[in-house]
Amino acid sequence: MKLFHTADWHLGKLVQGVHMTEDQAFVLRQLIAHIEQQQPDAVIIAGDLYDRALPPVEAVTLLHTLLEEIAMTNKTPVLAIAGNHDSPARIHFGNKLMKKAGVHLVGELQSAFEPTVFHDEYGEVHVYLLPYVDPAQVKHYFKEDAVVSEQTAMSRIMQHYNEVLQPHARNVLVAHAFVTKHGEEQDNTSDSERALSVGGSDCVEATLFEAFDYVALGHLHQAHHVLRETIQYAGSPLKYSISEEHHKKGYLHVTLREKGTVQIDKVLLAPRRDMRTVSGYIDEILQHARSEDYVFVRLLDEQVVQSPMEQVRSVYPNAMHVERVVTVANEQVATRSERQQMSTSQLFSSFIEEMTGQPASPAIQMIFDDMLQETLVAEREV
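These remarks concern the structure in this document. Note on numbering: residues in each chain are counted from 1, in written sequence order. Local features in this predicted model are restricted to residues of pLDDT 70 or higher, and side-chain atom pairs are both shown and tallied only at a pLDDT of 80 or more, whereas totals for entire chains, interfaces and linings draw on every residue. Hydrogens and water molecules were not included; the side-chain quantities draw on all heavy atoms of the structure.

For the protein chain, the helix and strand inventory stands at 10 helices and 20 strands. Among the 382 residues that make up the protein chain, the fraction classed as buried is 50%. Residues count as neighbours in contact if any of their non-hydrogen atoms are within 4.5 Å of one another. For the protein chain, long-range pairs separated by at least 24 residues make up 65% of all intrachain contacts whose partners lie at least 6 apart in sequence. Within the structure as shown, the protein chain displays about 18,200 Å² of accessible surface, and the carbon and sulfur contribution to it stands at 51%. Numbering of helices and strands starts at the N terminus; helices are DSSP runs of H or I of at least 4 residues and strands are runs of E of at least 2. Between buried and exposed lies partly exposed: a residue is buried under 20% and exposed over 50% of the maximum accessible area for its type, with that area taken using a 1.4 Å probe on protein chains only. Residue exposure ignores everything except the shown protein chains as possible cover, and the areas themselves are Shrake-Rupley values with a 1.4 Å probe.

The following block contains the structure:
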């Protein structure tokens, strides 16, 4: 069985105020061309179809067009789940009708334990679609007070899977989570990835997925495997921040043969425009060949440059950001504030310290983190 594993399309994404819809359409049409050529048995989208719970009209239109071309024109089933950026109810709406057209969309936990079944010369393949769900939702679903974190929530879900999985079948899980080898905390692979939880670890351990023959993950934007080759992040199809500058974007071509044999190949997709850093003195940069790329410019001039963005855009018309780098004690320091790299929780703590001269107390920080978490959950339910 051949699967195309993709994730984190983030349709409707804005990067530095620039709508990425045309770039997304450009790169995803390459995916459709590959589907036409390779004729996979199914296409996986492991969450974050949209960039936000209320996507713009053009994002909804683009997703409709892409799903129509994949499932109806090419007769290739689509297996998709809601990610933490998506509205679960909107993704789940009409899923029984969509299923008849070959589009399997799951946004709510109650549909996660009924597999989509495929057959090939080696037997059955059972694909389970597990959308991102908040620990509080898992706690309510299973009526267990012990579920208090991403780790305990995923552990409880996997306990249930272990009760329903068919050992004779090749079992595939599609999920949206922050998975590390042993549940240890790690930094996100991109500035554009939103934390799954506030005030605690959002990581879960890869050993929880031992019962599955292949795990198709979404959430982290850099393609990589965790613990073993068959637990894979496909990564996003486009660069969505300059922190992803060196990522190799594409999708995974997964071939399931007899149980225990999985072949995984990375297929690269070419962007309409690259996203990259340009460093140099303004006089040097103005001599560069004109480029349509999305660039983040680091100026090395010690003197203030007048109208830097206007000058840079005469060469790089799609420049997204310009910053001047100054030298302090032989070290280069960007003038851009560190606040741009801080989480919302960290920004709150910094604000309290700036206003009062004292860091936020643990009690105040906890109250803020709880309110922020409630806001994030409410946003997904809109």
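Structure's up, so let's keep going.
One less than the residue count of a helix, multiplied by 1.5 Å, gives the span that helix is expected to have. Across its 15 residues, helix 6 (residues 150-164) extends 21 Å between first and last C-alpha, which sits within 8% of the 21 Å expected from 1.5 Å per residue. Listed as buried for helix 6 are Glu-150, Ala-153, Met-154, Arg-156, Ile-157, Met-158 and Tyr-161.

For the rest of this paragraph, the subject is the nonpolar core. We call a set of buried residues a nonpolar core when its members are Ala, Val, Leu, Ile, Met, Phe, Trp, Tyr or Cys and they connect through side-chain atoms within 4.5 Å of each other. In terms of nonpolar packing, the biggest core is built from 37 residues, with Trp-9, Leu-11 and Val-78 touching the most fellow members. For this core, the secondary-structure elements that each account for two or more residues are helix 1 (21-38), strand 4 (42-45), helix 2 (57-73), strand 5 (78-81), strand 6 (103-106) and strand 18 (294-299). Formed by 34 residues, the second largest nonpolar core is a distinct cluster that contains Leu-109, Tyr-128, Leu-208 and Leu-217.

The subject of this paragraph is the sheet that holds strand 7 (residues 116-120). Strand order across the open sheet formed by six strands is 7-8-9-12-14-13, with mixed pairing between neighbours. Only two strands of the sheet have a single neighbouring strand rather than two, namely strand 7 and strand 13 (224-226). The mean angle between the axes of side-by-side strands here comes to 30 degrees, regardless of whether they run parallel or antiparallel. Both strand 13 and strand 14 (residues 228-233) contribute to a ladder of three bridges, which runs antiparallel. Considered in strand 14, the bridge of His-225 is made with Gln-232. DSSP-based pairing: two strands are paired if at least 2 bridges between them are found. In this description, a line fitted to the C-alpha atoms serves as the axis of each element, helices being fitted only across the stretch in contact, and the angle between N-to-C directions of two axes falls anywhere from 0 to 180 degrees.

Quick look at the pattern of salt bridges now. Any two side chains of opposite charge can pair, given that their charged atoms come close. Salt bridges are defined by distance alone: a side-chain nitrogen of Lys or Arg within 4 Å of a carboxyl oxygen of Asp or Glu. Using the criterion set out here, one finds 12 salt bridges in the structure. Among the ionic pairs, Asp-23 bridges to Arg-272, the shortest N-O distance being 3.2 Å. On the criterion of sequence distance, the pair formed by Asp-23 in helix 1 and Arg-272 in the loop between strand 16 (262-268) and strand 17 (275-280) is long-range, its members being 249 residues apart. Residue classification places Arg-272 among the partly exposed residues on the basis of a relative accessible area of 32%. The closest approach of N and O atoms between Asp-120 and Arg-170, which form a salt bridge, is 2.5 Å. On the criterion of sequence distance, the pair formed by Asp-120 in strand 7 and Arg-170 in strand 9 (residues 170-176) is long-range, its members being 50 residues apart. Judged on exposure class, the residue Asp-120 and its partner Arg-170 are both buried. Look at the salt bridges and you will find they share partners, linking Glu-22, Asp-23 and Arg-272 into a network.

Let's shift gears to helix 2. Taking 1.5 Å per residue, 17 residues should reach 24 Å; helix 2 reaches 23 Å between its end C-alpha atoms and fits that length. Residues Ala-59, Leu-62, Leu-63, Leu-66, Leu-67, Ile-70 and Ala-71 constitute the buried set of helix 2. For helix 2, the buried positions fall inside an angular range of 135 degrees around the axis, keeping them on one side. Along helix 2, exposed side chains directed more than 90 degrees from the buried face belong to Val-57, His-64 and Thr-73. Looking at the buried positions of helix 2, the neighbouring elements they touch are helix 1, strand 4, strand 5, helix 4 (95-100) and strand 6. Taking the helix axis as origin, the arc is that swept by the directions to the C-beta atoms.

Here the focus is the packing of helix 5 (residues 135-142) against helix 6. The N-to-C vectors of helix 5 and helix 6 enclose an angle of 40 degrees; their axes lie 9 Å apart at closest approach. Relative to helix 6, helix 5 is oriented oblique. Seen along the crossing, helix 5 lies across helix 6 with a hand that is left-handed. Note on element contacts: helix 6 touches helix 5 through Glu-150, Ala-153, Arg-156, Ile-157 and His-160, opposite Pro-135, Val-138 and Phe-142. Under the convention adopted here, Pro, Cys and the residues Ala, Val, Leu, Ile, Met, Phe, Trp and Tyr are nonpolar, Asp, Glu, Lys and Arg are charged, and Gly plus all remaining residues are polar. For the contact of helix 5 with helix 6, a count of residues per class yields five nonpolar, one polar and two charged. With respect to orientation, any angle under 35 degrees is reported as roughly parallel, any angle over 145 as roughly antiparallel, any angle of 65 to 115 as roughly perpendicular, and every other angle as oblique. Less than a right angle of anticlockwise turn of the near helix away from the far helix marks a crossing as left-handed, whereas a clockwise turn marks it as right-handed.

Patches here are clusters of residues that have more than 30% relative accessible area and form no salt bridge, with a 9 Å joining cutoff for like charges and a 5 Å cutoff for nonpolar side chains (Val, Leu, Ile, Met, Phe, Trp, Tyr). A grouping of Ile-364, Ile-367 and Met-371 is seen on the molecular surface, where their side chains present a nonpolar patch of about 290 Å² in accessible area. With respect to the secondary-structure elements, Ile-364 resides in helix 10 (residues 362-380).

This paragraph deals with unusual backbone geometry. A positive phi angle, near 55 degrees, is found at His-10, a position not held by glycine. Of note, His-10 is situated in the loop between strand 1 (2-6) and strand 2 (14-15).

On to the side chain of Lys-239, then. Inspection of the secondary structure puts Lys-239 in the loop between strand 14 and strand 15 (250-256). Among the polar contacts made by the side chain of Lys-239, one reaches the side chain of Asp-274 at a distance of 2.7 Å. A distance of 3.5 Å separates a polar side-chain atom of Lys-239 from the backbone oxygen of Met-275. Other than its neighbours up to four places away in sequence, Lys-239 contacts Met-20, Glu-244, Glu-245, His-247, Lys-249, Asp-274 and Met-275. What qualifies as a polar contact is a pair of N or O atoms within 3.5 Å, subject to a donor-acceptor requirement within protein and to the restriction that residues adjacent in sequence count only when both atoms come from side chains.

Looking now at the sheet that holds strand 16. With mixed pairing, six strands are arranged side by side in an open sheet as 6-5-4-1-15-16. Edge strands, defined here as strands with exactly one partner in the open sheet, are strand 6 and strand 16. Across the sheet, the mean angle from the axis of one strand to that of its neighbour is 20 degrees, orientation sign disregarded. Note: strand 1 against strand 15, four bridges, orientation antiparallel. Its bridge partner being in strand 15, His-5 is matched across the sheet by Leu-252.

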